[in-house]
Amino acid sequence: MSKGTLRIVFTGEDLARVRIAGRADMMWEMALSLHILQRPGGVRALSGWRRQARADLAEAGLLKPVREQLVQLVPLGAYFPDFLTPYESMNGFRQGLDVLTDTPSARVRHEVEQLRRHAPVPASLDDLARGNRRSIRGLARLSERYCQVAFGSRRTDMEDALGRERARLTRVLTDQGVEAMLASLGPSMRWRPPVLEADYAPGRYEIHLQGRGLTLIPSYFGRFTPVAMADVSLPPVLVFPIPHETPDPDPDDALPDLLGATRARVLRCIAATTGCTTSELARRTGASLSSASAHAQVLQRAGLITSTRHANMVIHQITRLGVGLLHRQQ
C-alpha cells in the first residue's frame, strides 16, 4: 500500500502549546491494537501479544462481538470514527469511556456514514449506525472489556515502554527545546519548520493548528504510521508509534563479533534514539546497570558515542563514526 503524507502547520503560538500526554491513552491503544489483530504477519515484537489476546478474548467470550463490532469500526484503511478516541480519554480510561457512552446519536450516525465511504459497514452495526442509545452504551461496555482482557498480559510492559518514551521526549524538550523534540519523533516524521511532516495513510492531508497547539500521544500499539483525528475541528492530537525492544540480531551481522553481543546491542540502542540514559540502555538490552555503564564507557572511549552528564543522568548519543560503523554492517 502506497504511503501518503500528513502536514501539520505550526505558528509560533502553537510551538508554545505543544503538550506530551501524561499517561497511556487506552482508547487510542484499543483502536490501534485492533489493527494489529487484523494484520497477519509482520510486527514481530507484538506477534506474541496477538496470539495471547485472541486466546484470552475467546476464553472470555468476547472474540465474536469484538470481530463483529470493534474490528468493523476500525478497518485497516484511512479512516475510523473519531468518537472511538475522545480527547478526554487522556485524563483517564474511565473518563474516555464516559464520553464514548454519552456521544450524541447524531455524531455517531454521521461518523458511521463517513466510515461507509471507506469500508463496508456490516449488518451487525445497523443499530449503532442509527444512533441507537443502547447500542452506543453497549459499544462502550465492549470497549472496556476488550481493553481489560486484551491488554491484561501486557499492561505493565505498556506502561513501562510509554513511560520511557514520555521521559525521553520531556528530557529533549527541557534540554534542547520544542523544535528539537519535534525533530526527534522518529523516522516516520520530519520537522521542517514550520511544518511537521509525517508518513500517513494514502493521500495528502494538512492540518493548520492556528494557535490551538498539539498534543503528542506515544502509542504502544501504533506500529505503522502516525495517526491524527479525521475531523480537523477537534482538538489536534498526533498519535505515534514508540520503538519496541531491539530486534534479534541478523545471523550474518559481524558487529557482535567485533564488539561483543551486548556491546553491539548497546550501540544499536543508542543509535535508535536521539539520546539514551544508562538506565534505559540497561532495560532495553537486558544488561545490569553497571554492565550497561561499562559498555557505554568503552564505546565512548572508542569514539562511537558521546556521553554527556545532565544533572543525575548521563545521556548517550551516537557519533558520526558510530553511524558509519553501523552502516557498514548493512
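Computed from a predicted model, the values in this text were never measured in an experiment. Residue indices follow the written sequence of each chain, beginning from 1 at its first position. Reporting of local features is limited, given that this is a predicted model, to residues whose pLDDT is at least 70; pairs of side-chain atoms are given and counted only at 80 or more, and all residues count toward the totals for whole chains, interfaces and linings. The side-chain values count all of the structure's non-hydrogen atoms but skip hydrogen atoms and water molecules.

S.K.: Any chance you could explain the sheet that holds strand E7 (residues 227-228) here in plain terms?
M.R.: Sheets are built from strands paired through backbone hydrogen bonds, the pairs being either parallel or antiparallel. Pairing between strands is defined by DSSP: at least two bridges between the two strands are required. Secondary structure is summarised from DSSP: a helix means a run of H or I of at least four residues, a strand means a run of E of at least two, and numbering begins at the N terminus for each. The strand order across the open sheet built from four strands is E2-E6-E8-E7, with neighbouring strands paired in mixed fashion. Either end of the sheet is taken by a strand with one partner, and the two such strands are strand E2 (18-20) and E7. Direction of pairing for strand E6 (residues 214-219) relative to strand E8 (residues 237-241): parallel, over a ladder of five bridges. Bridge pairing in E8 links Leu-216 to Leu-238. Across the face of the sheet, helix H2 (residues 26-38) comes into contact with E6, E7 and E8 while running at roughly 55° to E6. Any two residues having at least one pair of non-hydrogen atoms within 4.5 Å are treated as being in contact. Axis lines are fitted to C-alpha atoms, over the contacting stretch for helices. Their N-to-C directions set the angle, which ranges from 0 to 180 degrees. In this fold helix H9 (residues 155-176) packs onto E2, E6 and E8, with an angle of close to 140° to the strand it touches most, E6.

S.K.: Please explain a positive patch on the surface as it appears in this structure.
M.R.: A contiguous patch of positive charge on the surface is contributed by Arg-133, Arg-134, Arg-137 and Arg-141. Among the secondary structure elements, Arg-137 is positioned in helix H8 (residues 133-150). Residue Arg-137 is classed as partly exposed on the basis of its relative accessible area, which comes to 37%. Two distance rules govern patches: like charges are joined within 9 Å, and nonpolar side chains (Val, Leu, Ile, Met, Phe, Trp, Tyr) within 5 Å, applied only to residues with over 30% relative accessible area and no salt bridge. Here the open area of atoms and residues is found with the Shrake-Rupley method and a 1.4 Å probe, where only the protein chains shown may cover a residue. For this document, the term salt bridge refers to a Lys or Arg side-chain nitrogen within 4 Å of an Asp or Glu carboxyl oxygen. Positive charges are assigned to Lys and Arg, negative charges to Asp and Glu, while His and the chain termini are left out of the count. Charge positions are represented by NZ for Lys, CZ for Arg, CG for Asp and CD for Glu. Relative accessibility thresholds used throughout: buried, under 20% of the residue-type maximum; exposed, over 50%; partly exposed, between the two (1.4 Å probe, protein chains only).

S.K.: Help me understand the packing of aromatic side chains, please; the structure alone is not making it clear to me.
M.R.: For any pair of aromatic rings, the description consists of the separation of the ring centres together with the inter-plane angle of the planes. The pairing test for Phe, Tyr and Trp rings, Trp by its six-membered ring, is centres within 6.5 Å, and the orientation test on the planes gives stacked under 30 degrees, edge-to-face over 60, and tilted for anything in between. Within this structure, the stated rule accounts for seven aromatic pairs. Relative to Phe-151, the ring of Tyr-146 lies with its centre 5.9 Å away and its plane at 75°, an arrangement referred to as edge-to-face. Taken individually, Tyr-146 and Phe-151 each receive the classification buried, so the pair is uniform in this respect. Among the aromatic residues, those joined into a ring-pair cluster are Trp-49, Tyr-146, Phe-151, Tyr-220 and Phe-221.

S.K.: In this structure, what is going on with the side chain of Ser-188? I would like to understand it.
M.R.: Within the secondary structure, Ser-188 is located in the loop between helix H10 (178-183) and strand E3 (189-192). By relative accessible area, Ser-188 is classed as buried at 14%. Not counting chain neighbours up to four residues away, the residues in contact with Ser-188 comprise Glu-197, Ala-198, Asp-199 and Pro-226.

S.K.: Sorry, what's going on with the pairing of strand E1 (residues 4-9) here?
M.R.: In the case of a regular strand, side chains alternate between the two sheet surfaces. Taken across its six residues, E1 has five buried, putting it largely inside the fold. The pairing of E1 with strand E4 (residues 195-200) spans six bridges and is classified as antiparallel. Paired with Thr-5 across the bridge in E4 is Asp-199. Bridging between E1 and strand E5 (residues 204-208) involves five bridges; their strand directions are parallel. Paired with Val-9 across the two strands is His-208, which belongs to E5.

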